[in-house]
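Below are the chains, spelled out letter by letter.
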Amino acid sequence: MAPGGNGDLQRKQAIVSSLCKHFSLDPKAFSSQVPGNDIKTLYTSILKSAGKESPQNNDEVMKWIAFAESFPNDSKACSGHLNELNGDLAQKSVLLGDGFTPSEADAIVFSVVHSSVVGLSNPEKEKLPHLMRWMDYIQNREDLGALFEKILLEKPVFEPQIAKPAAKPEAQANAKGTVQNTQTADKPEAEKNTKKSDSWDNKKKAKGDKEAAPEKKKEPEKETTEKDKELSVSLLNIQVGLIRKAWKHPSADSLLVEEIDVGEAKLRQVVSGLAKFCKPEDLTNRRVVLITNVKPGKLRDVMSEGLVLCASNEDHSIVEPLLPPEGAKPGERVSFSGIVDGKPEDVLNPKKKQLEKITPNLFTDEKGVATFKGIPFMTSAGPCTSSIPKASIK
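Residues numbered from 1 in each chain as written. Predicted model: local features only at pLDDT ≥ 70, side-chain atom pairs only at ≥ 80, totals over all residues. Heavy atoms only, no water.

1. Here's the deal with the overall build of the chain
Alright, step 1. Scanning the chain from terminus to terminus reveals 12 helices and 15 strands.
Alright, step 2. When burial is assessed residue by residue, the chain has 45% of its 394 residues classed as buried.
Alright, step 3. Put simply, 66% of the contacts in the chain that link residues at least 6 apart link residues at least 24 apart.
Alright, step 4. Surface accessibility of the chain: about 21000 Å² in total, with carbon and sulfur atoms responsible for 51%. (Helix = DSSP H or I, 4+ residues; strand = E, 2+ residues; numbered from the N terminus. Buried < 20%, exposed > 50% of the residue type's maximum accessible area, 1.4 Å probe, protein only. Contact = heavy atoms within 4.5 Å. Areas by Shrake-Rupley, 256 points an atom, 1.4 Å probe, with all protein chains shown as cover.)

Below, the structure is given as structure tokens:
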């Protein structure tokens, strides 16, 4: 980075503020160091004050510091750097590691590129989908609203367009079910009349038996109708939750235990297979989406009273809980536009495999918005999202 210049000074001040926010330090303690030092020196000083040792992936951190140092001050000259960063983020949730926990590298790079991204038009933002997904994730996850102007993304704009066609398949399914029920209801009457008229004739009675054979098909027709009903996402009680406390499962290395506020008098205890992907402290005070009407049961001797919904990439190397938007209240039910909000099951019946039939239709779209068959998970504050686009949700 060229020495001097008001732009350089503002950039370094922004980086110091972000790093201090990341490490829970007071940025005022470093204000005197900003003018005479480069980004690497400032980072080293803050890392030392935070009592942190140089990270194992220090070379990667230095790579992103070099990126920050070389990033142009002129927003018109930075398009190549933004495209490069967009490509780097295509298969990542965060800059370092395989998880979804932001590092100091994320704080530094976010601070540097923010001024060039915040003023982009919507068409320009659409050309950088991975970068915009990451920017939105970092600004919310690191809670940088007090330091930087919020970058607005038009994530829910497509929702009304999906709502209308989404209603058609259900309407057709209902119509089909009505026809089947009518046919099923008509058959017994016809067969009863046939049996009465043929009851005194042995030959006709045999013929009546053959005509009665279709009666055996009634059950599969009813069963098909029931299966169609079970596929409705309205059977699931999907709610916004706030994790108040999380800790490692006492007897399973791959599991974490969370106490989650869903607006009830008592916190719900939930066991999740997230230990390989995040630390308990990363989940504390984090908003999540969970199914609260699964049948309670013990996982390795620890009671679980819900299912935290998580997004996963194709090879399941990156897994993260869905994130409700800021302002979504614990306990509010997630809705799906165009799908009638029927009363969910009190408790899902594991024998009916209702959950197994619905979850294949849960996924994030190319912008990371969580959907059921393309219809967004909506709360009073907006859609639920993930930093992983085109992910499966379970």
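2. Examining the packing of helix α3 (residues 58-70) against helix α5 (residues 104-117)
Alright, step 1. Contact geometry for α3 and α5: axes closest at 9 Å, N-to-C directions at 10°. Comparing their axes, α5 and α3 come out roughly parallel. Residues Val61, Trp64, Ile65, Phe67 and Ala68 of α3 form the contact with α5, whose own contacting residues are Glu104, Ala105, Ile108, Val109, Val112 and Val113.
Alright, step 2. Of the residues that constitute the contact of α3 with α5, the class distribution is 10 nonpolar, no polar and 1 charged. (Axes fitted to C-alpha atoms, helices over the stretch in contact; angles between N-to-C directions. Parallel < 35°, antiparallel > 145°, perpendicular 65-115°, else oblique. Nonpolar A, V, L, I, M, F, W, Y, C, P; charged D, E, K, R; others polar.)

3. Quick look at the pairing of strand β4 (residues 287-291)
Alright, step 1. Among the 5 residues of β4, 4 are classified as buried, and the element is accordingly described as predominantly covered.
Alright, step 2. Summarising the sheet, β4 and strand β7 (residues 307-308) pair through 2 bridges and their orientation is antiparallel. Among the inter-strand pairings, Leu290 is bridged to a residue of β7, identified as Val308. (Pairing = 2+ DSSP bridges.)

4. Description of the side chain of Lys125
Alright, step 1. Here Lys125 lies in helix α6 (residues 122-126).
Alright, step 2. Within the local environment of Lys125, its side chain forms a polar contact with the backbone oxygen of Leu152, the two atoms lying 2.7 Å apart. (Polar contact = N/O pair within 3.5 Å; in protein donor to acceptor, adjacent residues only side chain to side chain.)

5. Thoughts on the pairing of strand β2 (residues 256-261)
Alright, step 1. Within β2, 5 of the 6 residues are buried, which leaves the element mostly enclosed by the surrounding structure.
Alright, step 2. Bridge count between strand β1 (residues 238-248) and β2: 6 bridges; the pairing is antiparallel. Within β2, the residue paired with Leu242 across the bridge is Asp261.
Alright, step 3. Bridge count for β2 against strand β3 (residues 268-272) is 5 bridges, and the pairing is antiparallel. Residue pairing in the sheet places Val257 in a bridge with Val271 of β3.
Alright, step 4. The hairpin formed by β2 and β3 contains 6 residues between the paired strands, and Gly263 there has a positive phi angle of roughly 80°.

6. A short note on the pattern of salt bridges
Alright, step 1. Considering all chains together, one arrives at 3 salt bridges under this definition.
Alright, step 2. Of the charged contacts, one joins Asp143 and Lys21 as a salt bridge, the two residues approaching to 3.9 Å between their closest N and O atoms. One end of the pair, Asp143, is in the loop between α7 (129-141) and α8 (159-198); the other, Lys21, is in helix α1 (residues 6-23), and 122 residues separate them in sequence.
Alright, step 3. Its relative accessible area of 46% is what places Asp143 among the partly exposed residues.
Alright, step 4. Two residues, Asp261 and Arg244, come together in a salt bridge whose shortest N-O distance is 3.1 Å. (Salt bridge = Lys/Arg side-chain N within 4 Å of Asp/Glu carboxyl O.)

7. Some points on the state of the cysteines
Alright, step 1. Enumeration over the complete set of coordinates arrives at 0 disulfides.
Alright, step 2. In this structure Cys278 is a free cysteine whose sulfur lies 7.8 Å from that of Cys310, the closest cysteine sulfur available.
Alright, step 3. By relative accessible area, Cys278 is classed as buried at 6%. (Disulfide = S-S within 2.5 Å.)

8. Some points on the nonpolar core
Alright, step 1. With 61 residues, the main nonpolar core has Leu85, Val113, Val117, Leu131 and Trp134 as its most contacted residues.
Alright, step 2. If we skip the residues at most four places from it in the chain, Val113 touches Phe67, Phe71, Leu82, Leu85, Trp134 and Met135.
Alright, step 3. Residues Val233, Leu355, Ile375 and Ile388 belong to the second largest nonpolar core, which totals 27 residues. (Core = buried A, V, L, I, M, F, W, Y, C linked by side-chain atoms within 4.5 Å.)

9. Description of α3
Alright, step 1. A rise of 1.5 Å per residue sets the reference length of α3, with its 13 residues, at 18 Å; its end C-alpha atoms lie 18 Å apart and thus fit the reference within 8%.
Alright, step 2. Turning to α3, its buried residues number three or more, namely Val61, Trp64, Ile65, Phe67, Ala68 and Glu69. (Expected span 1.5 Å × (residues − 1).)

10. So, the packing of helix α4 (residues 79-88) against α7
Alright, step 1. Viewed as axis vectors pointing N to C, α4 and α7 meet at an angle of 80°, and their least axial separation amounts to 7 Å. Between α4 and α7, the angle falls in the class roughly perpendicular. Across the interface between the two elements, Leu82, Leu85 and Asn86 from α4 touch Pro129, His130, Leu131 and Trp134 from α7.
Alright, step 2. Among the residues making up the contact of α4 with α7, the classes are represented as 5 nonpolar, 2 polar and no charged.

11. Here's the deal with the packing of aromatic side chains
Each aromatic ring pair is described using two quantities: the centre-to-centre distance and the angle formed by the ring planes.
Alright, step 1. Evaluated as defined, the whole model comprises 6 aromatic pairs.
Alright, step 2. Seen in terms of ring centroids, Phe336 and Phe372 are 6.1 Å apart; in terms of plane orientation they differ by 70°. Their pairing is edge-to-face. Taken together, the residues Phe336 in the loop between β9 (319-321) and α12 (354-358) and Phe372 in strand β11 (residues 370-372) connect sequence positions 36 residues apart.
Alright, step 3. Joined through ring pairs, the aromatic side chains of Trp64, Phe67 and Phe71 make up one cluster.
Alright, step 4. Positioned over the ring face of Trp247 is Lys245, at 5.3 Å from the centre of the ring. (Phe/Tyr/Trp six-rings, centres within 6.5 Å; stacked < 30°, edge-to-face > 60°. Lys NZ or Arg CZ within 6 Å of the ring centre and 35° of its normal.)

12. Concerning the sheet that holds β4
The strands making up a sheet are joined through hydrogen bonds of the backbone, oriented either antiparallel or parallel.
Alright, step 1. Strand order in the open sheet formed by 5 strands is β3-β2-β1-β4-β7, with antiparallel pairing between adjacent strands. The two strands at the open ends of the sheet, each matched to only one other strand, are β3 and β7.
Alright, step 2. Bridge count for β1 against β4 is 5 bridges, and the pairing is antiparallel. The partner of Gln239 across the bridge, within β4, is Leu290.

13. Looking at helix α2 (residues 39-49)
An α-helix turns once every 3.6 residues. As a result, residues three or four positions apart point the same way.
Alright, step 1. Here α2 has its buried residues at Ile39, Leu42, Tyr43, Ser45, Ile46 and Leu47.
Alright, step 2. Two residues or fewer past α2, Gly51 is found with a positive phi of approximately 75°.

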